[in-house]
Amino acid sequence: QVQLVESGGGLVQPGGSLTVSCAASGRIFSPNTMGWYRQDPGKQREVVATITSGGMTNYVDSVKGRFTISRDNRKNTVYLQMNNLKPEDTAVYYCNFRWLTVNYWGQGTQVTVSS
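Not measured: the values here are computed from a predicted model.

1. Considering the side chain of Ser21
Item 1. Turning to its location among the elements, Ser21 is positioned in strand β3 (residues 18-26).
Item 2. In this structure Ser21 comes out as buried when scored by relative accessible area, which is 17%.

See below:
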(Lines give C-alpha, C1' and ligand atoms only; values in the text may rest on other atoms or scores of the structure.)
Protein backbone atom coordinates (compact mmCIF):
# COMPACT_ATOMS: atom_id res chain seq x y z
CA GLN A 1 0.00 0.00 0.00
CA VAL A 2 1.15 3.52 -0.82
CA GLN A 3 -0.03 6.66 0.95
CA LEU A 4 0.10 10.05 -0.74
CA VAL A 5 -0.06 13.35 1.11
CA GLU A 6 -0.47 16.52 -0.91
CA SER A 7 0.17 20.09 0.12
CA GLY A 8 0.49 23.55 -1.33
CA GLY A 9 -2.84 24.33 -2.95
CA GLY A 10 -4.61 27.63 -2.49
CA LEU A 11 -5.87 30.81 -4.06
CA VAL A 12 -3.72 32.74 -6.50
CA GLN A 13 -4.34 35.61 -8.90
CA PRO A 14 -4.14 35.11 -12.67
CA GLY A 15 -0.53 35.25 -13.77
CA GLY A 16 0.66 34.12 -10.38
CA SER A 17 2.61 31.05 -9.33
CA LEU A 18 1.99 28.15 -7.00
CA THR A 19 3.79 24.92 -6.14
CA VAL A 20 2.04 21.77 -4.99
CA SER A 21 3.89 18.82 -3.56
CA CYS A 22 3.08 15.20 -2.82
CA ALA A 23 4.95 12.86 -0.51
CA ALA A 24 4.61 9.11 -0.96
CA SER A 25 5.13 6.59 1.81
CA GLY A 26 4.64 2.88 2.30
CA ARG A 27 5.66 0.10 -0.08
CA ILE A 28 7.47 2.06 -2.77
CA PHE A 29 8.63 -0.03 -5.70
CA SER A 30 10.63 1.13 -8.69
CA PRO A 31 10.44 1.87 -11.49
CA ASN A 32 7.33 3.91 -10.99
CA THR A 33 5.58 7.00 -12.28
CA MET A 34 4.26 9.89 -10.25
CA GLY A 35 2.08 12.60 -11.58
CA TRP A 36 -0.57 15.22 -11.16
CA TYR A 37 -4.12 15.10 -12.43
CA ARG A 38 -6.87 17.67 -12.05
CA GLN A 39 -10.62 17.66 -12.02
CA ASP A 40 -13.28 20.32 -12.21
CA PRO A 41 -16.79 19.58 -10.96
CA GLY A 42 -18.78 17.94 -13.73
CA LYS A 43 -15.70 17.18 -15.79
CA GLN A 44 -13.49 14.17 -16.22
CA ARG A 45 -10.20 13.96 -14.40
CA GLU A 46 -7.37 14.85 -16.76
CA VAL A 47 -3.66 14.25 -16.59
CA VAL A 48 -1.59 17.39 -16.11
CA ALA A 49 1.96 16.07 -15.91
CA THR A 50 3.80 12.87 -15.12
CA ILE A 51 7.38 11.95 -14.28
CA THR A 52 8.99 8.54 -14.13
CA SER A 53 11.46 7.48 -11.47
CA GLY A 54 14.06 7.84 -14.23
CA GLY A 55 13.10 11.48 -14.80
CA MET A 56 11.11 11.31 -18.04
CA THR A 57 8.34 13.90 -18.09
CA ASN A 58 5.11 14.43 -19.98
CA TYR A 59 2.72 17.37 -19.96
CA VAL A 60 -0.73 18.07 -21.27
CA ASP A 61 -0.50 20.65 -24.05
CA SER A 62 -2.39 23.31 -22.13
CA VAL A 63 0.32 23.58 -19.43
CA LYS A 64 3.48 23.17 -21.51
CA GLY A 65 5.84 26.07 -20.92
CA ARG A 66 4.00 27.08 -17.73
CA PHE A 67 4.17 24.05 -15.42
CA THR A 68 7.20 22.04 -14.38
CA ILE A 69 7.06 18.64 -12.71
CA SER A 70 10.00 17.34 -10.72
CA ARG A 71 10.69 14.72 -8.10
CA ASP A 72 13.09 13.83 -5.33
CA ASN A 73 13.46 10.06 -5.33
CA ARG A 74 15.21 10.04 -1.95
CA LYS A 75 12.18 11.70 -0.40
CA ASN A 76 9.63 9.97 -2.68
CA THR A 77 8.19 13.41 -3.31
CA VAL A 78 6.86 14.95 -6.50
CA TYR A 79 6.43 18.66 -7.11
CA LEU A 80 4.43 20.69 -9.60
CA GLN A 81 5.61 24.24 -10.11
CA MET A 82 2.83 26.23 -11.77
CA ASN A 83 3.62 29.60 -13.33
CA ASN A 84 1.49 32.07 -15.25
CA LEU A 85 -1.64 30.50 -13.83
CA LYS A 86 -4.92 31.03 -15.63
CA PRO A 87 -8.52 30.85 -14.38
CA GLU A 88 -8.98 27.68 -16.42
CA ASP A 89 -6.31 26.00 -14.27
CA THR A 90 -8.75 26.11 -11.36
CA ALA A 91 -9.45 22.56 -10.23
CA VAL A 92 -8.78 19.99 -7.56
CA TYR A 93 -5.31 18.63 -8.19
CA TYR A 94 -4.69 14.98 -7.38
CA CYS A 95 -1.36 13.27 -6.92
CA ASN A 96 -0.96 9.87 -8.53
CA PHE A 97 1.54 7.07 -7.95
CA ARG A 98 1.62 4.23 -10.45
CA TRP A 99 3.61 1.00 -10.27
CA LEU A 100 2.90 -1.49 -13.07
CA THR A 101 -0.91 -1.36 -13.33
CA VAL A 102 -1.55 -0.32 -9.73
CA ASN A 103 -2.62 3.27 -9.09
CA TYR A 104 -2.75 5.19 -5.84
CA TRP A 105 -4.32 8.61 -5.39
CA GLY A 106 -3.95 11.46 -2.98
CA GLN A 107 -6.90 13.18 -1.37
CA GLY A 108 -6.66 16.20 -3.66
CA THR A 109 -5.75 19.82 -3.11
CA GLN A 110 -7.76 22.78 -4.38
CA VAL A 111 -6.10 25.28 -6.68
CA THR A 112 -8.16 28.38 -7.43
CA VAL A 113 -7.02 31.04 -9.88
CA SER A 114 -9.10 34.16 -9.49
CA SER A 115 -8.79 37.89 -9.06
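Continuing now.
2. Here we look at the pairing of strand β7 (residues 67-72)
Item 1. Note: β7 against strand β8 (residues 77-82), 6 bridges, orientation antiparallel. Across the sheet, Asp72 pairs through a bridge with Thr77, a residue of β8.
Item 2. Between β7 and the antiparallel strand that follows it, β8, lie 4 residues; Asn76 among them carries a positive phi value of about 50°.

3. Overview of the packing of aromatic side chains
Item 1. Summed over the entire model, instances satisfying the criterion amount to 3 aromatic pairs.
Item 2. On the numbers, 6.3 Å between centres and 50° between planes, the contact of Phe97 with Tyr104 is tilted.
Item 3. Its end group placed over the ring of Trp105, Arg45 keeps NZ or CZ at 4.6 Å from the ring centre.

4. Side note on the environment of Thr90
Item 1. Here Thr90 is to be found in the loop between β8 and β9 (91-99).
Item 2. The spatial distance from the C-alpha of Thr90 to the C-alpha of Val48 is 12 Å, given a sequence separation of 42 residues.
Item 3. The residues touching Thr90, leaving out its near neighbours within four places in the chain, are Asp40, Gln110, Val111, Thr112 and Val113.
Item 4. Within polar-contact distance, the side chain of Thr90 engages the backbone oxygen of Pro87 at 2.9 Å.
Item 5. In this structure the side chain of Thr90 is engaged in a polar contact, spanning 2.9 Å, whose partner is the backbone nitrogen of Val113.

So, how was this worked out
- Residues numbered from 1 in each chain as written.
- Predicted model: local features only at pLDDT ≥ 70, side-chain atom pairs only at ≥ 80, totals over all residues.
- Heavy atoms only, no water.
- Helix = DSSP H or I, 4+ residues; strand = E, 2+ residues; numbered from the N terminus.
- Buried < 20%, exposed > 50% of the residue type's maximum accessible area, 1.4 Å probe, protein only.
- Pairing = 2+ DSSP bridges.
- Phe/Tyr/Trp six-rings, centres within 6.5 Å; stacked < 30°, edge-to-face > 60°.
- Lys NZ or Arg CZ within 6 Å of the ring centre and 35° of its normal.
- Contact = heavy atoms within 4.5 Å.
- Polar contact = N/O pair within 3.5 Å; in protein donor to acceptor, adjacent residues only side chain to side chain.

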